[in-house]
Amino acid sequence: MNLSTDRKIQWCPGCGNFGIYNALKSVLEKEIDEGHIKKEDIVLVSGIGCYGYITNYYHLNSFHTIHGRVPPLLTGIKLANPSLIPIGFVGDGDAFAEGMSHTIHVARRNSNVKLILHNNAVYGLTTGQFTPTSPKGFKSRSTPYGNPENPINPITLMLVSQATFVARGFSGDIKHLQYIFSEMMKHRGFAFVEVLQPCVTFNNTYQFYKERVYKLEETNYEPTEFGLALQKSLEWGEKIPTGIFYKKELPTYEDLVLRGEDIFYERSVPDLKDVINEFV
Ligand SMILES: Cc1ncc(C[n+]2csc(CCOP(=O)(O)OP(=O)(O)O)c2C)c(N)n1
Ligand code: SF4
(Lines give C-alpha, C1' and ligand atoms only; values in the text may rest on other atoms or scores of the structure.)
(Ligands and ions follow the chains in the order given, each with its own letter.)
Protein backbone atom coordinates (compact mmCIF):
# COMPACT_ATOMS: atom_id res chain seq x y z
CA MET A 1 0.00 0.00 0.00
CA ASN A 2 1.44 3.34 -1.03
CA LEU A 3 -0.38 6.34 0.43
CA SER A 4 1.52 8.98 -1.58
CA THR A 5 -0.37 11.31 -3.88
CA ASP A 6 0.98 12.96 -7.02
CA ARG A 7 0.84 16.45 -5.46
CA LYS A 8 4.18 18.28 -5.40
CA ILE A 9 5.29 18.77 -1.78
CA GLN A 10 5.57 22.50 -1.14
CA TRP A 11 7.57 22.69 2.10
CA CYS A 12 11.05 24.29 2.13
CA PRO A 13 13.82 21.70 1.62
CA GLY A 14 14.86 20.43 5.07
CA CYS A 15 11.58 21.40 6.80
CA GLY A 16 10.74 19.22 9.80
CA ASN A 17 7.30 18.53 8.32
CA PHE A 18 8.92 15.96 6.00
CA GLY A 19 9.95 13.77 8.95
CA ILE A 20 6.43 13.83 10.42
CA TYR A 21 4.84 13.11 7.05
CA ASN A 22 7.15 10.17 6.26
CA ALA A 23 6.97 8.61 9.73
CA LEU A 24 3.17 8.65 9.85
CA LYS A 25 2.90 7.46 6.24
CA SER A 26 4.96 4.35 6.88
CA VAL A 27 3.03 3.58 10.10
CA LEU A 28 -0.38 3.93 8.41
CA GLU A 29 0.75 1.90 5.38
CA LYS A 30 1.91 -0.89 7.68
CA GLU A 31 -1.30 -0.82 9.76
CA ILE A 32 -3.38 -1.05 6.57
CA ASP A 33 -1.21 -3.77 4.99
CA GLU A 34 -1.38 -5.87 8.15
CA GLY A 35 -5.17 -5.50 8.27
CA HIS A 36 -5.29 -3.64 11.62
CA ILE A 37 -7.16 -0.69 10.10
CA LYS A 38 -9.05 -0.01 6.89
CA LYS A 39 -7.85 2.74 4.59
CA GLU A 40 -11.41 4.09 4.17
CA ASP A 41 -11.85 4.45 7.96
CA ILE A 42 -9.04 6.98 8.36
CA VAL A 43 -10.03 10.66 8.25
CA LEU A 44 -7.29 13.28 8.34
CA VAL A 45 -8.02 16.84 9.46
CA SER A 46 -5.62 19.78 9.25
CA GLY A 47 -5.91 23.50 9.99
CA ILE A 48 -4.13 26.49 8.46
CA GLY A 49 -0.35 26.74 8.37
CA CYS A 50 2.59 25.26 6.45
CA TYR A 51 1.94 21.92 8.16
CA GLY A 52 -1.70 22.07 7.00
CA TYR A 53 -0.71 21.04 3.47
CA ILE A 54 0.10 17.59 4.85
CA THR A 55 -3.41 16.26 4.12
CA ASN A 56 -2.79 16.85 0.39
CA TYR A 57 0.07 14.37 0.39
CA TYR A 58 -1.74 11.28 1.77
CA HIS A 59 -4.11 9.28 -0.40
CA LEU A 60 -6.75 9.26 2.34
CA ASN A 61 -10.05 10.96 3.19
CA SER A 62 -9.26 14.39 4.52
CA PHE A 63 -10.68 17.74 5.56
CA HIS A 64 -8.79 21.05 5.58
CA THR A 65 -10.50 23.26 8.14
CA ILE A 66 -10.09 26.84 9.37
CA HIS A 67 -7.33 28.00 11.69
CA GLY A 68 -7.60 26.54 15.22
CA ARG A 69 -10.64 24.35 14.60
CA VAL A 70 -9.16 20.88 14.12
CA PRO A 71 -10.23 19.42 17.54
CA PRO A 72 -14.01 20.07 17.20
CA LEU A 73 -13.96 18.47 13.79
CA LEU A 74 -12.22 15.39 15.15
CA THR A 75 -14.79 15.08 17.95
CA GLY A 76 -17.73 15.59 15.58
CA ILE A 77 -16.46 13.03 13.09
CA LYS A 78 -15.95 10.43 15.82
CA LEU A 79 -19.39 11.06 17.33
CA ALA A 80 -21.14 10.92 13.96
CA ASN A 81 -19.47 7.67 12.95
CA PRO A 82 -17.54 5.94 15.75
CA SER A 83 -15.99 3.39 13.41
CA LEU A 84 -13.86 6.14 11.83
CA ILE A 85 -10.30 6.91 12.96
CA PRO A 86 -9.89 10.71 13.02
CA ILE A 87 -6.29 11.97 13.00
CA GLY A 88 -5.70 15.71 13.35
CA PHE A 89 -2.65 17.83 12.54
CA VAL A 90 -2.16 21.20 14.25
CA GLY A 91 0.53 23.88 14.30
CA ASP A 92 1.63 25.56 17.54
CA GLY A 93 -0.10 28.77 16.45
CA ASP A 94 -3.15 26.77 15.49
CA ALA A 95 -3.34 24.72 18.70
CA PHE A 96 -2.34 27.29 21.32
CA ALA A 97 -3.32 30.70 19.90
CA GLU A 98 -6.34 30.59 17.56
CA GLY A 99 -7.60 27.22 18.80
CA MET A 100 -6.41 27.11 22.42
CA SER A 101 -9.75 26.34 24.07
CA HIS A 102 -10.58 23.56 21.60
CA THR A 103 -7.27 21.85 22.32
CA ILE A 104 -8.05 21.74 26.03
CA HIS A 105 -11.66 20.55 25.61
CA VAL A 106 -10.83 17.67 23.28
CA ALA A 107 -8.27 16.46 25.82
CA ARG A 108 -10.48 16.72 28.91
CA ARG A 109 -13.35 14.93 27.13
CA ASN A 110 -11.06 12.04 26.21
CA SER A 111 -12.46 11.88 22.67
CA ASN A 112 -11.09 8.80 20.96
CA VAL A 113 -9.10 10.79 18.38
CA LYS A 114 -5.44 11.53 17.67
CA LEU A 115 -3.80 14.95 17.57
CA ILE A 116 -0.31 15.58 16.17
CA LEU A 117 1.29 18.94 17.02
CA HIS A 118 3.88 20.27 14.53
CA ASN A 119 5.72 22.47 17.02
CA ASN A 120 8.13 24.77 15.18
CA ALA A 121 7.58 27.55 17.76
CA VAL A 122 6.93 30.06 14.98
CA TYR A 123 4.23 31.04 12.50
CA GLY A 124 5.72 29.52 9.34
CA LEU A 125 3.08 30.25 6.72
CA THR A 126 2.78 33.94 7.64
CA THR A 127 6.60 34.24 7.56
CA GLY A 128 8.04 34.12 11.02
CA GLN A 129 6.04 35.78 13.80
CA PHE A 130 6.29 34.45 17.39
CA THR A 131 3.70 31.99 18.75
CA PRO A 132 2.65 30.85 22.25
CA THR A 133 5.42 28.21 22.24
CA SER A 134 8.26 30.56 21.19
CA PRO A 135 10.90 30.84 23.92
CA LYS A 136 11.12 33.98 26.04
CA GLY A 137 13.50 36.42 24.34
CA PHE A 138 12.93 34.88 20.87
CA LYS A 139 13.61 37.49 18.19
CA SER A 140 11.12 37.26 15.36
CA ARG A 141 9.53 39.52 12.78
CA SER A 142 6.85 40.50 15.30
CA THR A 143 9.20 40.59 18.32
CA PRO A 144 12.37 42.33 17.03
CA TYR A 145 13.47 43.13 20.62
CA GLY A 146 12.69 39.64 21.91
CA ASN A 147 9.52 37.83 22.96
CA PRO A 148 8.45 39.13 26.41
CA GLU A 149 6.02 36.23 27.06
CA ASN A 150 6.47 32.93 28.90
CA PRO A 151 6.06 29.98 26.53
CA ILE A 152 3.40 27.31 26.86
CA ASN A 153 4.66 23.81 27.59
CA PRO A 154 2.41 21.57 25.40
CA ILE A 155 3.19 18.37 27.34
CA THR A 156 2.38 19.90 30.75
CA LEU A 157 -0.74 21.56 29.38
CA MET A 158 -2.06 18.33 27.87
CA LEU A 159 -1.33 16.40 31.07
CA VAL A 160 -3.26 18.82 33.27
CA SER A 161 -6.05 18.85 30.67
CA GLN A 162 -6.39 15.10 31.36
CA ALA A 163 -5.20 13.72 28.01
CA THR A 164 -4.84 9.94 28.33
CA PHE A 165 -1.86 9.55 25.96
CA VAL A 166 0.83 12.23 25.93
CA ALA A 167 4.05 11.86 23.94
CA ARG A 168 6.84 13.87 22.31
CA GLY A 169 8.97 13.09 19.27
CA PHE A 170 11.59 14.88 17.16
CA SER A 171 11.13 15.14 13.39
CA GLY A 172 14.88 14.52 12.94
CA ASP A 173 14.48 10.98 14.35
CA ILE A 174 12.01 9.24 12.05
CA LYS A 175 12.52 5.78 13.52
CA HIS A 176 11.59 6.98 16.99
CA LEU A 177 8.64 8.93 15.61
CA GLN A 178 7.41 5.73 13.93
CA TYR A 179 7.46 4.01 17.33
CA ILE A 180 5.49 6.88 18.93
CA PHE A 181 2.95 7.02 16.10
CA SER A 182 2.34 3.27 16.20
CA GLU A 183 1.72 3.48 19.98
CA MET A 184 -0.57 6.46 19.31
CA MET A 185 -2.58 4.36 16.84
CA LYS A 186 -3.04 1.61 19.45
CA HIS A 187 -4.35 3.99 22.14
CA ARG A 188 -8.09 4.07 22.82
CA GLY A 189 -8.84 7.62 23.96
CA PHE A 190 -7.38 11.05 23.32
CA ALA A 191 -3.81 10.70 22.04
CA PHE A 192 -1.59 13.78 21.83
CA VAL A 193 1.84 13.76 20.19
CA GLU A 194 4.02 16.87 20.18
CA VAL A 195 6.66 16.77 17.47
CA LEU A 196 9.63 19.12 17.78
CA GLN A 197 9.69 20.34 14.19
CA PRO A 198 12.43 22.72 13.06
CA CYS A 199 11.32 25.43 10.65
CA VAL A 200 14.59 25.73 8.75
CA THR A 201 13.59 29.09 7.27
CA PHE A 202 12.32 31.05 10.29
CA ASN A 203 13.45 29.13 13.38
CA ASN A 204 16.08 26.51 12.66
CA THR A 205 16.25 24.47 15.86
CA TYR A 206 17.55 21.27 14.23
CA GLN A 207 21.01 21.28 15.82
CA PHE A 208 19.65 22.53 19.16
CA TYR A 209 17.28 19.55 19.43
CA LYS A 210 19.69 17.01 17.94
CA GLU A 211 22.20 17.74 20.71
CA ARG A 212 19.64 17.58 23.53
CA VAL A 213 16.89 15.02 22.88
CA TYR A 214 16.95 11.67 24.65
CA LYS A 215 14.45 8.81 24.79
CA LEU A 216 12.45 8.15 27.95
CA GLU A 217 12.14 4.44 27.15
CA GLU A 218 15.93 4.12 27.30
CA THR A 219 15.81 5.14 30.98
CA ASN A 220 13.81 3.21 33.59
CA TYR A 221 10.85 5.55 33.10
CA GLU A 222 7.32 4.06 33.19
CA PRO A 223 4.57 6.24 31.64
CA THR A 224 1.94 5.21 34.17
CA GLU A 225 2.30 7.72 37.00
CA PHE A 226 0.66 11.09 36.52
CA GLY A 227 2.81 12.93 39.08
CA LEU A 228 6.01 11.60 37.59
CA ALA A 229 4.84 12.50 34.06
CA LEU A 230 4.08 16.04 35.21
CA GLN A 231 7.53 16.32 36.76
CA LYS A 232 9.20 14.95 33.58
CA SER A 233 7.24 17.37 31.41
CA LEU A 234 9.08 20.25 33.09
CA GLU A 235 12.51 18.99 32.05
CA TRP A 236 13.77 21.35 29.33
CA GLY A 237 17.36 22.51 28.98
CA GLU A 238 20.59 20.61 28.45
CA LYS A 239 18.46 17.48 28.10
CA ILE A 240 15.02 17.26 26.47
CA PRO A 241 12.96 14.08 26.99
CA THR A 242 11.13 12.44 24.09
CA GLY A 243 8.92 9.34 24.12
CA ILE A 244 5.70 8.51 25.94
CA PHE A 245 5.21 10.63 29.09
CA TYR A 246 1.82 9.26 30.13
CA LYS A 247 -0.66 6.58 29.10
CA LYS A 248 -3.93 5.51 30.75
CA GLU A 249 -7.07 3.72 29.56
CA LEU A 250 -10.34 5.40 30.61
CA PRO A 251 -13.88 5.50 29.15
CA THR A 252 -13.91 7.73 26.09
CA TYR A 253 -16.23 10.65 25.35
CA GLU A 254 -18.03 8.50 22.79
CA ASP A 255 -18.48 5.66 25.32
CA LEU A 256 -20.20 8.11 27.67
CA VAL A 257 -22.21 10.11 25.16
CA LEU A 258 -23.36 7.33 22.85
CA ARG A 259 -23.67 4.61 25.52
CA GLY A 260 -22.98 1.93 22.98
CA GLU A 261 -25.38 3.37 20.45
CA ASP A 262 -23.98 3.99 16.99
CA ILE A 263 -25.98 7.02 15.86
CA PHE A 264 -24.59 6.90 12.36
CA TYR A 265 -25.88 3.42 11.64
CA GLU A 266 -28.69 2.84 14.11
CA ARG A 267 -30.70 6.05 14.19
CA SER A 268 -33.21 6.63 11.46
CA VAL A 269 -33.17 9.92 9.58
CA PRO A 270 -35.96 12.21 10.91
CA ASP A 271 -38.74 13.16 8.56
CA LEU A 272 -37.85 16.55 7.05
CA LYS A 273 -41.45 17.75 7.50
CA ASP A 274 -41.20 17.26 11.29
CA VAL A 275 -37.92 19.18 11.44
CA ILE A 276 -39.36 22.07 9.41
CA ASN A 277 -42.54 22.17 11.52
CA GLU A 278 -40.46 22.39 14.66
CA PHE A 279 -38.52 25.44 13.53
CA VAL A 280 -40.89 27.29 11.19
C1 LIG B 1 -8.39 33.09 12.67
C2 LIG B 1 -7.14 33.30 11.86
N3 LIG B 1 -6.15 34.07 12.37
C4 LIG B 1 -5.02 34.24 11.67
C5 LIG B 1 -4.87 33.68 10.42
C6 LIG B 1 -3.60 33.93 9.65
N7 LIG B 1 -2.71 32.79 9.67
C8 LIG B 1 -2.71 31.87 8.68
S9 LIG B 1 -1.53 30.70 8.88
C10 LIG B 1 -1.03 31.42 10.33
C11 LIG B 1 0.13 30.88 11.10
C12 LIG B 1 0.18 29.38 11.18
O13 LIG B 1 1.13 29.01 12.13
P14 LIG B 1 1.17 27.59 12.80
O15 LIG B 1 -0.18 27.16 13.20
O16 LIG B 1 2.19 27.60 13.88
O17 LIG B 1 1.63 26.66 11.58
P18 LIG B 1 2.96 26.73 10.66
O19 LIG B 1 2.66 27.66 9.51
O20 LIG B 1 4.08 27.20 11.51
O21 LIG B 1 3.14 25.32 10.18
C22 LIG B 1 -1.76 32.56 10.63
C23 LIG B 1 -1.57 33.43 11.81
C24 LIG B 1 -5.91 32.88 9.92
N25 LIG B 1 -5.82 32.23 8.75
N26 LIG B 1 -7.04 32.70 10.65
S1 SF4 C 1 8.48 28.17 6.35
FE2 SF4 C 1 9.25 26.77 7.92
S3 SF4 C 1 7.51 25.46 8.50
FE4 SF4 C 1 7.03 26.47 6.55
S5 SF4 C 1 7.67 24.98 4.97
FE6 SF4 C 1 9.36 26.41 5.29
S7 SF4 C 1 10.67 25.41 6.82
FE8 SF4 C 1 8.66 24.41 6.89
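Everything that follows concerns the structure shown earlier in this document.
Fair warning: this is a prediction, and the values are worked out from it, not measured in the lab. (Residues numbered from 1 in each chain as written. Chains lettered and ligands numbered in written order. Predicted model: local features only at pLDDT ≥ 70, side-chain atom pairs only at ≥ 80, totals over all residues. Heavy atoms only, no water.)

Caption draft 1: Spatial organisation of the site of ligand 1. In the region of ligand 1, 16 residues are neighbours, and Cys50, Asp94, Asn120, Gly124 and Leu125 sit closest. Between an oxygen atom of ligand 1 and a main-chain N or O atom of Gly93, the distance comes to 3.0 Å. Take Leu125: an N or O atom from its main chain is 2.9 Å from an oxygen atom of ligand 1. Isolated, ligand 1 exposes 600 Å² of accessible area, and the fraction of that covered by the protein chains is 73%. When residues in the shell around ligand 1 are grouped by element, the largest group, 4 residues, is from helix H3 (residues 92–98). Across the shell around ligand 1, the residue classes tally to 6 nonpolar, 7 polar and 3 charged. (Near = heavy atom within 4 Å. Polar contact = N/O pair within 3.5 Å; in protein donor to acceptor, adjacent residues only side chain to side chain. Areas by Shrake-Rupley, 256 points an atom, 1.4 Å probe, with all protein chains shown as cover. Helix = DSSP H or I, 4+ residues; strand = E, 2+ residues; numbered from the N terminus. Nonpolar A, V, L, I, M, F, W, Y, C, P; charged D, E, K, R; others polar.)

Caption draft 2: Local environment of the layout of surface pockets. Computed from the structure, the largest pocket encloses a volume of approximately 380 Å³. Lining the largest pocket we find 18 residues, and of these Thr133, Pro135, Pro151, Ile152 and Trp236 sit closest to its centre. Elements with a contribution of two residues or more to the lining of the largest pocket: helix H5 (154–160), strand E6 (191–196) and helix H7 (206–212). Class assignment for the residues of the lining of the largest pocket results in 10 nonpolar, 6 polar and 2 charged. (1 Å grid on protein atoms, 1.4 Å probe; cavity = no way out; pocket = protein on both sides within 12 Å on 5 of 7 lines; lining within 4 Å. Points joined across faces, edges and corners; volume = space filled by probe spheres on them.)

Caption draft 3: Just the packing of aromatic side chains, in detail. Applying the stated criterion across every chain yields a total of 11 aromatic pairs. Ring centres of Phe226 and Tyr246 lie 5.6 Å apart, and the angle between their planes is 75°; on these two criteria the pair is classed as edge-to-face. Of this pair, Phe226 sits in helix H8 (residues 226–233) while Tyr246 sits in strand E8 (residues 240–247); the two residues are 20 residues apart in sequence, bridging distant segments of the chain. Its relative accessible area of 34% is what places Phe226 among the partly exposed residues. Connected via pairs of aromatic rings, a cluster forms that spans Trp11, Phe18, Tyr21, Tyr57, Tyr58 and Phe89. Above the plane of the ring of Tyr214 lies Lys239, whose end atom (NZ or CZ) is 4.4 Å from the centre. (Phe/Tyr/Trp six-rings, centres within 6.5 Å; stacked < 30°, edge-to-face > 60°. Buried < 20%, exposed > 50% of the residue type's maximum accessible area, 1.4 Å probe, protein only. Lys NZ or Arg CZ within 6 Å of the ring centre and 35° of its normal.)

Caption draft 4: Representation of the environment of Asn119 within the structure. Looking at the element boundaries, Asn119 is found in strand E4 (residues 114–119). Judged by relative accessible area, which is 6%, Asn119 ranks as buried. In the structure, Asn119 is positioned 26 residues away from Gly93 in sequence and 8.6 Å away in space, judged by C-alpha atoms. Those residues within four positions of Asn119 in sequence are excluded, and the remaining contacts are Asp92, Thr133, Pro154, Glu194, Val195, Leu196 and Gln197. (Contact = heavy atoms within 4.5 Å.)

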